Amino acid sequence: MKILVPVKRVLDYNVKARVKADGSGIDLANVKMSMNPFDEIALEEAIRIKEKGNAEEIIAVSIGVQQNQETLRTALAMGADRAILVVATDDVHNDIEPLTVANILAAIALKEGPSLILCGKQAIDNDFNATAQMLSAKLKWSQATFASEIEVNKDIVRVTREVDGGLQTIDAKVPAVVSVDLRLNEPRYASLPNIMKAKRKPLEEISPADLGVEMTQRLKVIKTKEPDSREAGVILENIDQLVEKIQETVGG
Amino acid sequence: MKILVLAEINDGELAEDQTSKTVSAAAKLGKVEVLCASNQCSDASKKIAKMENVENVLVLEDDLFAQSLAESYSETLMDTIRSYSHVFAPSSSFGKNILPRIAGMLDVMIISDVSKVISEDTFERPVYAGNAIQTVQSIDKVKLISVRTSNFDAVPLTGSANLKKIECNTKNSLTTFIENKIQTNDRPELTSAKVVVSGGRGVGSKENFEIIEGLADKLGAAVGASRAAVDSGFAPNDWQVGQTGKVVAPDLYVAVGISGAIQHLAGMKDSKVIVAINKDEEAPIFQVADFGLVDDLFKVVPEIEKKI
Ligand SMILES: Cc1cc2nc3c(=O)[nH]c(=O)nc-3n(C[C@H](O)[C@H](O)[C@H](O)COP(=O)(O)OP(=O)(O)OC[C@H]3O[C@@H](n4cnc5c(N)ncnc54)[C@H](O)[C@@H]3O)c2cc1C
């Protein structure tokens, strides 16, 4: 089977997001960008499925600015076989909505015919948690979100999902879209030889128009502001003071 | 305007707090109808009917909805949903699974994790793990909204809505339920508890986590955990608080052996009072804590438990 893995380029998770002074968004000029951590986990899982002999090819896709090439080179160095870059904007501050991303990915899926699409469950920038679900709706494929375990059989993927009460296991018919959670695996680092090899792997560049997808925006971002900040409080001297504060708070 | 709320029901059991707070958010725009879809609806629908501002409860009793699989909703309810201008669901694993799929089917955007309803088309939602708050305006015909329930109060149970039976006649041929591993305990639910005691990597082991649980039980609290504690197997996944876990806003949040990474803060910084116990005085958790104690948790926690 073929596996498709969409990877998003986002502000690195170790970097604190700064709101621009004019309230127009987050400042992304000259900051460290990386692959969305959840997408890294999705890609790692695809590589493990392939290493077990259950997949022949892994295609990484990224949608956004030209620089997403770097993210795709990382994906190729980790173990993707080839990459597709959809250049959809020339401004890194222009976040493409999950609905449009789903439309683009659906068009690619219809062309490439993967049996499985492995997505990160959410992007750590817009925190929408929506692309996988929208994509499976567009394709009318089965959906399994928040996976912490994936077992690939011929026509079925068995997915254990992290849900609010604990864990839920479901069988999803192939082709399926699966979104992954943090505990699925620990992604590998790309080795130096693999980084070198990745430079020669195919990376195709296309536009949304090539796929017949229209760029739309349904949610207009009117304003971006800092959250109400919390003042640091007091450091207490001993346990008795702490007990007193806890009792005051819970009214005991 | 015609507003629908998807009640969260798992195997006949209403998630009352989540549903009530979602009704509360939706009711900022007007009276609502609530869809009660499950394998057993009698208890759940009666509870929903009492929620203030609910006009009608649409009761859809069918085994198809026992396990809240996304396809069961999206394949069968599109005609019903299309007739509303707004559809709300809690931003729990239930709502996050189902609502964006419905959005995809309707070709509209989802407005996830709404923390404030400003008007019928304008909403606030946190982004970047809560490091920024965005105001967004939707141009879609049907607005699909998942609600960050910790930002809303439950509605009073003063209503008496009508119950209306509805039916569906489709199947979910895409996914099949296999099993649930649901942890049950007598503690309050994490997302609605007044007090939460959470442990992090500093707690060190599953056995040691008992001291966190001991203090929680003394305080009648729910137990939470950092991702590091869950990943290390000290605590089950459904205890995780944070950007990718649960969002809580109790009256008191006690963070024990938790450093205070932004992803953890995203899930608890709206708590009324935050107490932190950490042996490292530089730990970022102290920057958001109202009260901090710099000490060894193994000494402090059992002693607090004794003295309370
Ligand atoms: C995409 C993504 C999503 C994430 N989502 C979440 C999330 O939802 N929730 C979450 O929590 N994390 C999340 N994380 C992880 C987060 O970045 C941190 O790694 C995690 O929160 C750290 O957990 P911790 O504070 O328990 O561990 P550490 O950072 O290791 O802190 C342990 C603390 O315990 C203290 N300590 C140790 N021993 C003692 C002792 N004897 N007495 C007192 N104090 C002691 C130490 O001083 C230290 O401050 C996410 C990360 C990523 C990349």
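One can find the structure itself at the top, above this paragraph.
Residues numbered from 1 in each chain as written. Chains lettered and ligands numbered in written order. Predicted model: local features only at pLDDT ≥ 70, side-chain atom pairs only at ≥ 80, totals over all residues. Heavy atoms only, no water.

**What to know about the overall build of chain A**
Reasoning step 1: Check the secondary structure of chain A and you find 6 helices and 13 strands.
Reasoning step 2: Within the span of chain A, comprising 252 residues, buried residues form 55% of the whole.
Reasoning step 3: For chain A, the proportion of contacts with a sequence separation of at least 24, taken over those separated by at least 6, is 72%.
Reasoning step 4: Averaging the locations of the 32 positively and 38 negatively charged side chains of chain A gives two centres separated by 5 Å. (Helix = DSSP H or I, 4+ residues; strand = E, 2+ residues; numbered from the N terminus. Buried < 20%, exposed > 50% of the residue type's maximum accessible area, 1.4 Å probe, protein only. Contact = heavy atoms within 4.5 Å. Lys, Arg positive; Asp, Glu negative; His and termini not counted. Charge placed at Lys NZ, Arg CZ, Asp CG, Glu CD.)

**A short note on the environment of A:S62**
Residues and elements named next belong to chain A.
Reasoning step 1: Along the chain, S62 falls in strand 4 (residues 57-64).
Reasoning step 2: For S62, a relative accessible area of 0% translates into the label buried.
Reasoning step 3: Sequence separation between S62 and V177 is 115 residues, and the spatial gap between their C-alpha atoms is 17 Å.
Reasoning step 4: A polar contact is formed between the side chain of S62 and the side chain of N68, at a distance of 3.0 Å. (Polar contact = N/O pair within 3.5 Å; in protein donor to acceptor, adjacent residues only side chain to side chain.)

**Points about the site of the ligand**
Reasoning step 1: Surveying the vicinity of the ligand reveals 30 residues, the closest of which are B:R201, B:S226, B:V241, B:S259 and B:N278.
Reasoning step 2: At the ligand, the nearby residues belong to more than one chain, namely chains A and B.
Reasoning step 3: B:Q240 places a polar side-chain atom, nitrogen or oxygen, 2.9 Å from an oxygen atom of the ligand.
Reasoning step 4: At 3.1 Å from an oxygen atom of the ligand is found a main-chain nitrogen or oxygen belonging to B:Q243.
Reasoning step 5: Within the complex, the protein chains bury 86% of what would otherwise be the 980 Å² of accessible surface of the ligand.
Reasoning step 6: For the shell around the ligand, the secondary-structure elements that each account for two or more residues are helix 1 (37-51) of chain A together with helix 7 (227-231), helix 8 (262-265) and helix 9 (297-307) of chain B.
Reasoning step 7: A breakdown of the residues in the shell around the ligand according to their chemical character gives 11 nonpolar, 13 polar and 6 charged. (Near = heavy atom within 4 Å. Areas by Shrake-Rupley, 256 points an atom, 1.4 Å probe, with all protein chains shown as cover. Nonpolar A, V, L, I, M, F, W, Y, C, P; charged D, E, K, R; others polar.)

**A few points about the sheet that holds strand 14 (residues 195-199) of chain B**
Reasoning step 1: As summarised here, the arrangement of the 6 strands in space is 13(A)-18(B)-17(B)-16(B)-14(B)-15(B), forming an open sheet in which the pairing is parallel. Each of the sheet's edge strands pairs with one partner strand only, and the pair in question is strand 13 (234-235) of chain A together with strand 15 (222-225) of chain B.
Reasoning step 2: In this structure, strand 17 (residues 273-278) of chain B lies alongside strand 18 (residues 291-294) of chain B, joined through 4 bridges in parallel fashion. When the bridges of strand 18 of chain B are listed, B:A276 appears paired with B:G292. (Pairing = 2+ DSSP bridges.)

**Describing the nonpolar core**
Reasoning step 1: Grouped together as the largest cluster of nonpolar side chains are 90 residues, with contacts concentrated most on B:L6 and B:L144.
Reasoning step 2: Broken down by element, the residue count for this core peaks at 9 residues, all from helix 3 (residues 98-112) of chain A.
Reasoning step 3: Membership of the second largest hydrophobic core comes to 42 residues, among which are A:I49, A:A60, A:M78 and A:A147. (Core = buried A, V, L, I, M, F, W, Y, C linked by side-chain atoms within 4.5 Å.)

**Some words on helix 2 (residues 68-78) of chain A**
Reasoning step 1: Within the span of helix 2 of chain A, buried status applies to A:N68, A:T71, A:L72, A:A75, A:L76, A:A77 and A:M78.
Reasoning step 2: Just past helix 2 of chain A, the residue A:G79 takes up positive phi, approximately 150°.

**Details of the interface of chain B and chain A**
Reasoning step 1: With 85 residues of chain B at the interface, the matching set in chain A holds 77 residues.
Reasoning step 2: For the chain B and chain A pair, buried surface summed over both sides reaches about 7000 Å², with 57% attributable to carbon and sulfur atoms.
Reasoning step 3: At the surface where chain B touches chain A, the tally comes to 7 salt bridges.
Reasoning step 4: Among the salt bridges present, the one from A:R218 reaches B:D107, with a minimum N-O distance of 3.2 Å.
Reasoning step 5: At the surface where chain B touches chain A, the tally comes to 46 residue pairs in polar contact (both at pLDDT 80 or more). (Buried area = accessible area lost by both parts, 1.4 Å probe. Salt bridge = Lys/Arg side-chain N within 4 Å of Asp/Glu carboxyl O.)

**Side note on the environment of A:E214**
Residues and elements named next belong to chain A.
Reasoning step 1: Position of E214 relative to the elements: it lies in the loop between strand 11 (203-206) and strand 12 (219-225).
Reasoning step 2: Under the relative-accessibility criterion, E214 is labelled exposed at 62%.
Reasoning step 3: Once the C-alpha coordinates of E214 and I104 are considered, the two residues, 110 residues apart in sequence, prove to be 8.8 Å apart.

**A word on the packing of helix 4 (residues 131-139) of chain A against helix 5 (residues 93-106) of chain B**
Reasoning step 1: Where helix 4 of chain A contacts helix 5 of chain B, the axes come no closer than 7 Å and their chain directions differ by 45°. Between helix 4 of chain A and helix 5 of chain B, the angle falls in the class oblique. Of the two elements, helix 4 of chain A crosses helix 5 of chain B, and the hand of that crossing is right-handed. The residues of helix 5 of chain B that touch helix 4 of chain A, namely those facing A:Q133, A:M134, A:S136, A:A137 and A:K138, are B:K96, B:N97, B:P100, B:R101, B:A103, B:G104 and B:M105.
Reasoning step 2: Of the residues contributing to the contact of helix 4 of chain A with helix 5 of chain B, the split by class is 5 nonpolar, 4 polar and 3 charged. (Axes fitted to C-alpha atoms, helices over the stretch in contact; angles between N-to-C directions. Parallel < 35°, antiparallel > 145°, perpendicular 65-115°, else oblique. Left-handed = near helix turned anticlockwise from the far one by under 90°.)

**A word on the pairing of strand 9 (residues 166-173) of chain A**
All names here are of chain A.
Reasoning step 1: Of all 8 residues in strand 9, 6 are buried, a share of seventy percent or more.
Reasoning step 2: Bridge analysis of strand 8 (residues 156-163) against strand 9 gives 8 bridges, and the strand direction is antiparallel. Bridge pairing in strand 9 places I156 opposite K173.
Reasoning step 3: Between strand 8 and strand 9, which follow one another and run antiparallel, lie 2 residues.

**Considerations on unusual backbone geometry**
Reasoning step 1: Here A:V174 and A:P175 are connected by a cis peptide whose omega angle stands at 0°.
Reasoning step 2: Tracing the backbone through its elements, the reader meets A:P175 in the loop between strand 9 and strand 10 (176-180).
Reasoning step 3: The backbone of A:K140 shows a phi angle near 55°, a positive value even though the residue is not glycine.
Reasoning step 4: In this structure, A:K140 sits in the loop between helix 4 and strand 7 (142-152).
Reasoning step 5: Notably, B:D113 is not glycine yet its phi reads approximately 60°, a positive angle.
Reasoning step 6: As for its position among the elements, B:D113 is in strand 7 (residues 110-114).
Reasoning step 7: Judged by relative accessible area, which is 11%, B:D113 ranks as buried.

**Section: the sheet that holds strand 6 (residues 86-90) of chain B**
Residues and elements named next belong to chain B.
Reasoning step 1: Strand order across the open sheet formed by 7 strands is 7-11-6-1-4-5-12, with parallel pairing between neighbours. One side of each edge strand has no neighbouring strand; the edge strands of this open sheet are strand 7 and strand 12 (162-165). Strand-to-strand, the axes of this sheet are offset by a mean angle of 25°, without reference to chain direction.

**Describing the packing of aromatic side chains**
Reasoning step 1: Counted according to the given criterion, the structure contains 3 aromatic pairs over all chains.
Reasoning step 2: Here the aromatic rings of B:F65 and B:Y73 are separated by 5.1 Å at their centres, their planes lie at 75°, and the arrangement is edge-to-face. The pair B:F65 / B:Y73 is uniform in exposure class, with both members buried.
Reasoning step 3: Here the aromatic cluster, defined as three or more aromatic residues joined through ring pairs, consists of B:F65, B:Y73 and B:F94.
Reasoning step 4: Across the ring face of A:F146, the terminal group of A:K121 is positioned such that the distance to the ring centre comes to 5.7 Å.
Reasoning step 5: Taking the ring centre of A:F128 as reference, the NZ or CZ of B:R125 above it sits at 3.9 Å. (Phe/Tyr/Trp six-rings, centres within 6.5 Å; stacked < 30°, edge-to-face > 60°. Lys NZ or Arg CZ within 6 Å of the ring centre and 35° of its normal.)

Interpretation note: all reported values are geometric properties and have no functional meaning in isolation.
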